[in-house]
Amino acid sequence: MDKYFNSYREMISLRGLTDHTIKSYSTYIKAYFDFLTDVIHKSPEDVSWDEMRQFIGWVQNTRSLSDRTINAVISQLRFFTIYVLHKPWDDVPSQQEVKTFISTIPDLKQKAMIALMYSSGLRIGEVCHLKYQDIERSNMRIHISHSKNRSDRYAVLSKTALEILTQYWFAYHKPVDWLFPKQHNKSKPIDTFYLSRHIHEHEQRLGWPKRITCHSFRHAFGTHLYENGADLLTIQAYLGHRSLESTTIYVHLATSSMRKAISPFDMMGGDFLA
């Protein structure tokens, strides 16, 4: 594991960090290598997402880490995966896989939520906290209040997603406050873990391996926008990134021609409605 550790330290040193900070940033990546060697006996390239999550649970339980420290652990794993292994942090489904996945979801609520995540690049928390008035049909945009960066923004509203959303709205008693309320307490928004569970259930239904997360659809939105010709600044605005550096992770730092962005969901064609 020494070559991986040395490569990791070399990459983080390029950020101009002090020796003390480099040592701090290496603490949990070293624990990760010990986990791979002593517990699951695998090289970093062969580790699955489930095994990486297993490590996070293992290090949290064995060291009684706080949530803040666990975020630092995840950041180190993310940096190692992207800049040392040169692998994407999230598994990105192809456009055909997204089309197959969404079009075959039997439940309209789940279909509408995933369609919004993919077609607009929304985070799962943003979808769960949407209100009826946030869907601006006349302007074909979605108002996102108090997003991750603590500033409001607008996301593109896909025509195809709006059709699914409208069908859901009529089928689920026309919610006029939270767009996706809790089943037994309409005054509160639905929990984020609700959709994660159903995504894995649908993967099993399709006979797919367990690899897609809620964030995979946001990641796919940015990647597929780039593949369809959108420029980086447009993608940055739609994803709500503060810096262009964050956006380049999604689109693999390349240049494309300037054009008005169209949601990749609207470019697929086909029938997604039940």
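See above for the structure.
Residues numbered from 1 in each chain as written. Predicted model: local features only at pLDDT ≥ 70, side-chain atom pairs only at ≥ 80, totals over all residues. Heavy atoms only, no water.

Colleague: So what exactly am I meant to see when it comes to the overall build of the protein chain here?
Modeller: Helix and strand content of the protein chain: 13 helices and 3 strands. When the 274 residues of the protein chain are sorted by exposure, 46% land in the buried category. With the model as given, the accessible surface of the protein chain reaches about 14400 Å², and the carbon-plus-sulfur share is 51%. (Helix = DSSP H or I, 4+ residues; strand = E, 2+ residues; numbered from the N terminus. Buried < 20%, exposed > 50% of the residue type's maximum accessible area, 1.4 Å probe, protein only. Areas by Shrake-Rupley, 256 points an atom, 1.4 Å probe, with all protein chains shown as cover.)

Colleague: I would appreciate a short explanation of empty space enclosed by the protein in the present structure.
Modeller: In this approach, a probe sized like a water molecule rolls over the atoms, and the result shows the empty space that is left. Per the stated rule, a full pass over the model turns up 2 cavities of 30 Å³ or more. Here the second largest cavity is characterised by a volume of approximately 40 Å³. Lining the second largest cavity, in full, are Phe101, Ile105, Pro106, Gln110, Ile114, Leu195, His198, Ile199, His202 and Arg205. The leading source of residues in the lining of the second largest cavity is helix H10 (residues 193-206), at 5 residues. In the lining of the second largest cavity, the residues fall into 6 nonpolar, 3 polar and 1 charged. (1 Å grid on protein atoms, 1.4 Å probe; cavity = no way out; pocket = protein on both sides within 12 Å on 5 of 7 lines; lining within 4 Å. Points joined across faces, edges and corners; volume = space filled by probe spheres on them. Nonpolar A, V, L, I, M, F, W, Y, C, P; charged D, E, K, R; others polar.)

Colleague: Explain the pairing of strand E2 (residues 141-144) to me, please; I cannot follow it from the model alone.
Modeller: The pairing of strand E1 (residues 135-136) with E2 spans 2 bridges and is antiparallel. Bridging across to E2, Glu136 finds its partner in Arg141. In this antiparallel pair of consecutive strands, E1 and E2, the connection spans 4 residues, and Met140 shows a positive phi of 50°. Here 4 bridges tie E2 to strand E3 (residues 153-156), and the two strands are oriented antiparallel to one another. Residue pairing in the sheet places Ile144 in a bridge with Arg153 of E3. (Pairing = 2+ DSSP bridges.)

Colleague: Please explain helix H4 (residues 49-63) as it appears in this structure.
Modeller: Compared with the 21 Å implied by 1.5 Å per residue over 15 residues, the 21 Å span of H4 between its first and last C-alpha is a close match. All buried positions along H4 are accounted for by Glu51, Met52, Phe55, Ile56 and Val59. In an axial view of H4, the angular spread of the buried residues amounts to 155°, which keeps them on one side of the axis. Note on H4: the residue one or two positions beyond its end, Ser64, has a positive phi of about 50°. (Expected span 1.5 Å × (residues − 1). Arc of directions from axis to C-beta.)

Colleague: I would appreciate a short explanation of helix H1 (residues 2-13) in the present structure.
Modeller: Owing to its 3.6 residues per turn, the α-helix brings residues three or four apart onto one side. Compared with an ideal rise of 1.5 Å per residue, which puts 12 residues at 16 Å, H1 spans 16 Å between its outermost C-alpha atoms and is within 8% of the ideal. Of all the residues in H1, the buried ones are Tyr4, Phe5, Tyr8 and Ile12. In a view along the axis of H1, the buried residues occupy a sector of 100°, so they form one face of it. Of the exposed residues in H1, those oriented more than 90 degrees away from the buried face are Asp2, Lys3 and Glu10.

Colleague: What exactly am I supposed to notice about the pattern of salt bridges here?
Modeller: Close approach of charged atoms allows side chains of opposite charge to pair. Counted according to the given criterion, the structure contains 7 salt bridges. We note a salt bridge from Asp177 to Lys131, for which the minimum N-O separation is 3.4 Å. Residue Asp177 is located in the loop between helix H9 (159-171) and H10, and its partner Lys131 is located in the loop between helix H8 (124-128) and E1; the two are separated by 46 residues in the primary sequence. In this structure Asp177 comes out as partly exposed when scored by relative accessible area, which is 34%. (Salt bridge = Lys/Arg side-chain N within 4 Å of Asp/Glu carboxyl O.)

Colleague: Could you clarify how one ought to interpret the sheet that holds E2 in this entry?
Modeller: Strand pairing in a sheet is mediated by backbone hydrogen bonds. Such pairs are either parallel or antiparallel. Pairing is antiparallel in the open sheet, where 3 strands are placed in the order E1-E2-E3. Every other strand in the sheet has two partners, leaving E1 and E3 as the edge strands with one partner each.

Colleague: It is not clear to me how the packing of aromatic side chains should be interpreted in this structure. Could you clarify?
Modeller: Aromatic ring pairs: the centre-centre distance and the angle between the two ring planes describe each pair. Taken as a whole and judged by the stated rule, the model has 20 aromatic pairs. A ring pair is formed by Trp169 and Phe170, whose centres lie 5.1 Å apart and whose planes are at 80°; its orientation type is edge-to-face. According to the relative accessible area criterion, Trp169 is buried, its value standing at 14%. Joined through ring pairs, the aromatic side chains of Tyr4, Phe5, Tyr8, Tyr32, Phe33, Phe35, Phe55, Trp58, Phe79, Phe80 and Tyr83 make up one cluster. Geometry around Tyr154 places Arg141 over its ring, the cationic atom sitting 3.6 Å from the centre. (Phe/Tyr/Trp six-rings, centres within 6.5 Å; stacked < 30°, edge-to-face > 60°. Lys NZ or Arg CZ within 6 Å of the ring centre and 35° of its normal.)

Colleague: Before we go on, may I ask you to explain unusual backbone geometry in this structure?
Modeller: Peptide bonds are trans in most cases, and residues, glycine excluded, mostly fall at negative phi. Phi is positive for His173, which is not a glycine, with a value near 65°. You can call His173 exposed: its relative accessible area is 72%. Look at Lys174: it is not a glycine, yet its phi comes out positive at around 50°.

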